[in-house]
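A structural walkthrough
This is what each chain is made of:
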Amino acid sequence: MNLARVRFCGLALICLTAATGAGAQENRGLGLGLGYFSGERAYGDTDNVLVPLVDFETDWVRFRGLTADLKLPFISSETLSFAIRANYTIGEGYEADDTPVLAGMDERKGGLWAGAAMDWRPGFADFAFEWQSDISGDSDGHRLRVEMSRRFNPTGSERFGLTPRITGIWMDDNAAEYYYGVRTTEVTPTRTAYTGSSTLNVELGVQADYMLSERQILIFDAGVTRLGSGITDSPITVDKTLTSVGMGYAYRF
């Protein structure tokens, strides 16, 4: 499941907010930018695309890249926040002509996912938890994302920061079968039927940010993801380890 592009959009804009060093109220408003993302997919191709970096936040709503949050301030605090979240993962689906291994496969669509999100910031690290269901009805799947990250200032200046992270993404049988399964109508002499099973993908990554000014930032992101056996056992899976890089510029108004 290629969620790297969605994650890059969100992390780049989170980085813009964090690096300003301003309070939550001051960071609300509008941030705009442009990024370039390149990420490998399990099917043997690479997703290369220019992505808009859009960030808009009020007391109750937040739009960050391809993600929309309805914030729940009445049960949130400075260290713990909750939201109802929806995002559209355009990097997940495929068409039969995307790669040779997919020839003869039916189209799979990117999903509209929604669910609950929680961010916990105890001080020594930042933790993000996200539980979502595919509300588009394409896969009828569910997924859980858990991430731990922390921003460091290796030069002692707030202008430059590094944010390493480790992320686990679990997907259930339905999601794995939809994106990596092979139906009986798609079987060929070289492609056997496959029913996907729940699986866990693990990613290690790092993001670097550099503040050009109080409102301008440059971002670079790199990650490597090890796919779980529910994906790697599929006959349409070519790559078991995926890499991604992204870079961008953003301005907060």
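Above this text is the structure in question.
So, a few notes on the structure that sits alongside this text. Note that this is a predicted model, so its numbers are computed, not measured.

1. Here's the deal with the side chain of Ser139
Tracing the backbone through its elements, the reader meets Ser139 in the loop between strand 7 (126-134) and strand 8 (142-149). With a relative accessible area of 7%, Ser139 lands in the buried category. Side chain to side chain, Ser139 and Asp134 meet in a polar contact 2.7 Å long. In terms of polar contacts, Ser139 uses its side chain to reach the backbone amide nitrogen of Gly141, at 3.1 Å. Apart from the residues lying within four places of it in its own chain, the contact partners of Ser139 are Trp113, Asp134, Asn174, Ala175, Tyr178 and Tyr179.

2. Some remarks on the environment of Asp138
Secondary-structure assignment places Asp138 in the loop between strand 7 and strand 8. When residues no more than four places from it in sequence are discounted, the contact partners of Asp138 are Lys109, Gly110 and Tyr178. Side-chain polar atoms of Asp138 contact the side chain of Ser136, separated by 3.1 Å.

3. Some remarks on the pattern of salt bridges
Tallied over the full model, the rule gives 18 salt bridges. The salt bridge partner of Arg85 is Glu130, with a shortest N-O separation of 2.8 Å. Of this pair, Arg85 sits in strand 5 (residues 80-89) while Glu130 sits in strand 7, placing them 45 residues apart in sequence. In this structure, Arg85 and Glu130 share a single accessibility class: buried. Among the ionic contacts, a cluster of salt bridges with common partners joins Asp55, Glu57, Arg62, Arg64, Asp69, Lys71, Arg85, Glu130, Arg145, Glu147 and Arg252.

4. Quick word on unusual backbone geometry
Most peptide bonds are trans, and most residues other than glycine sit at a negative phi. Phi angles above zero are rare outside glycine, and Asp140 is one such case at about 55 degrees. Structurally, the position occupied by Asp140 is in the loop between strand 7 and strand 8.

5. A closer look at the nonpolar core
One broad rule of soluble globular proteins: the nonpolar side chains tend to lie buried together. The biggest cluster of nonpolar side chains holds 18 residues, and the ones touching the most others in it are Tyr43, Tyr180 and Ile236. The biggest single contributor to this core is helix 3 (residues 173-180), with five residues.

Reading the values: the criteria
- Residues numbered from 1 in each chain as written.
- Predicted model: local features only at pLDDT ≥ 70, side-chain atom pairs only at ≥ 80, totals over all residues.
- Heavy atoms only, no water.
- Helix = DSSP H or I, 4+ residues; strand = E, 2+ residues; numbered from the N terminus.
- Buried < 20%, exposed > 50% of the residue type's maximum accessible area, 1.4 Å probe, protein only.
- Polar contact = N/O pair within 3.5 Å; in protein donor to acceptor, adjacent residues only side chain to side chain.
- Contact = heavy atoms within 4.5 Å.
- Salt bridge = Lys/Arg side-chain N within 4 Å of Asp/Glu carboxyl O.
- Core = buried A, V, L, I, M, F, W, Y, C linked by side-chain atoms within 4.5 Å.

Purely geometric numbers; function is a separate question.
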